[in-house]
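For reference, the chains in residue letters:
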Amino acid sequence: MNPQQRRQVLEQMLAESPDDLELRYSLAMEDVSGGDLEAAIKGFRELTILGPEKSYVPAFLMAAQSLQKLNRISEAMVVLRDGVKAAQTQNNQHALGEMQGMLDMLE
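Residues numbered from 1 in each chain as written. Predicted model: local features only at pLDDT ≥ 70, side-chain atom pairs only at ≥ 80, totals over all residues. Heavy atoms only, no water.

### Comments concerning a nonpolar patch on the surface
Phase 1 of the analysis: On the surface, Met1, Val9 and Met13 cluster together into a nonpolar patch covering about 290 Å² of accessible area.
Phase 2 of the analysis: Relative to the assigned elements, Val9 resides in helix α1 (residues 3-16). (Patch = residues over 30% accessible without salt bridge, like charges linked within 9 Å, V, L, I, M, F, W, Y side chains within 5 Å. Areas by Shrake-Rupley, 256 points an atom, 1.4 Å probe, with all protein chains shown as cover. Salt bridge = Lys/Arg side-chain N within 4 Å of Asp/Glu carboxyl O. Helix = DSSP H or I, 4+ residues; strand = E, 2+ residues; numbered from the N terminus.)

Below, the structure is given as structure tokens:
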């Protein structure tokens, strides 16, 4: 399946299940793969504004990495700080470690 077909399948699945956070994350990852970092950041941010209890924690790290690639370091750091809080709230130690590591590197 080529990237365009994969994107179409994801979009169809998302149309049927618009609240599926993993599908929304997968669509943003397709944007990363396709080099559209602005679209990816937008998609990831939509997954991070749901509050610390409901946000899709991996989206924080991916948003920060995409922002870093665009040399938007201060924005990436804000996203990472929010992601650390969300990871702590959700007791996601793996994501917490990755985000704290990236944050330490950027500071």
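### Focus: the side chain of Ser66
Phase 1 of the analysis: Structurally, Ser66 can be placed in helix α4 (residues 58-69).
Phase 2 of the analysis: For Ser66, a relative accessible area of 2% translates into the label buried.
Phase 3 of the analysis: If we ignore the near neighbours within four places in the chain, the residues touching Ser66 are Val32, Leu37, Ile41 and Phe44. (Buried < 20%, exposed > 50% of the residue type's maximum accessible area, 1.4 Å probe, protein only. Contact = heavy atoms within 4.5 Å.)

### Notes on helix α3 (residues 37-48)
Phase 1 of the analysis: Here α3 contains twelve residues, and its C-alpha end-to-end distance of 16 Å stays within 8% of the 16 Å for a straight helix at 1.5 Å per residue.
Phase 2 of the analysis: Within α3, the full set of buried residues consists of Leu37, Ala40, Ile41, Gly43, Phe44, Leu47 and Thr48. The buried residues of α3 all sit within an arc of 165° when viewed along its axis, so they share a single face.
Phase 3 of the analysis: Where the residues of α3 are buried, they touch α2 (21-33) and α4. (Expected span 1.5 Å × (residues − 1). Arc of directions from axis to C-beta.)

### Thoughts on the confidence of the model for the chain
Phase 1 of the analysis: With 100% of its residues at a pLDDT of at least 70, the chain reaches an overall mean of 95.
Phase 2 of the analysis: For the chain, α1 is the element with the lowest average pLDDT, namely 92, and α4 is the one with the highest, namely 98. (pLDDT = per-residue confidence, 0-100.)

### Notes on the packing of helix α5 (residues 73-89) against helix α6 (residues 93-106)
The description of two packed helices rests on the angle between their axes and on the distance between the axes.
Phase 1 of the analysis: Direction vectors running N to C along α5 and α6 enclose 150°, while the axes themselves pass 9 Å from each other. Put simply, α5 runs roughly antiparallel to α6. Our pair here, α5 against α6, has a crossing hand that is left-handed. Every residue of α6 that contacts α5 at Ile73, Ala76, Met77, Leu80, Arg81, Gly83, Val84, Ala87 and Gln88 is listed here: Ala95, Leu96, Met99, Gln100, Met102, Leu103 and Leu106.
Phase 2 of the analysis: A breakdown of the residues in the contact of α5 with α6 according to their chemical character gives twelve nonpolar, three polar and one charged. (Axes fitted to C-alpha atoms, helices over the stretch in contact; angles between N-to-C directions. Parallel < 35°, antiparallel > 145°, perpendicular 65-115°, else oblique. Left-handed = near helix turned anticlockwise from the far one by under 90°. Nonpolar A, V, L, I, M, F, W, Y, C, P; charged D, E, K, R; others polar.)

### Regarding α5
Phase 1 of the analysis: With 17 residues, α5 should cover 24 Å at 1.5 Å per step; its first-to-last C-alpha distance of 24 Å lies within 8% of that length.
Phase 2 of the analysis: Those residues of α5 that fall on the buried side of the exposure criterion are Ala76, Met77, Val79, Leu80, Gly83, Val84, Ala86 and Ala87.
Phase 3 of the analysis: Residues of α5 that are buried sit in contact with α3, α4 and α6.
Phase 4 of the analysis: One or two positions beyond α5, positive phi appears at Asn91, with a value near 55°.

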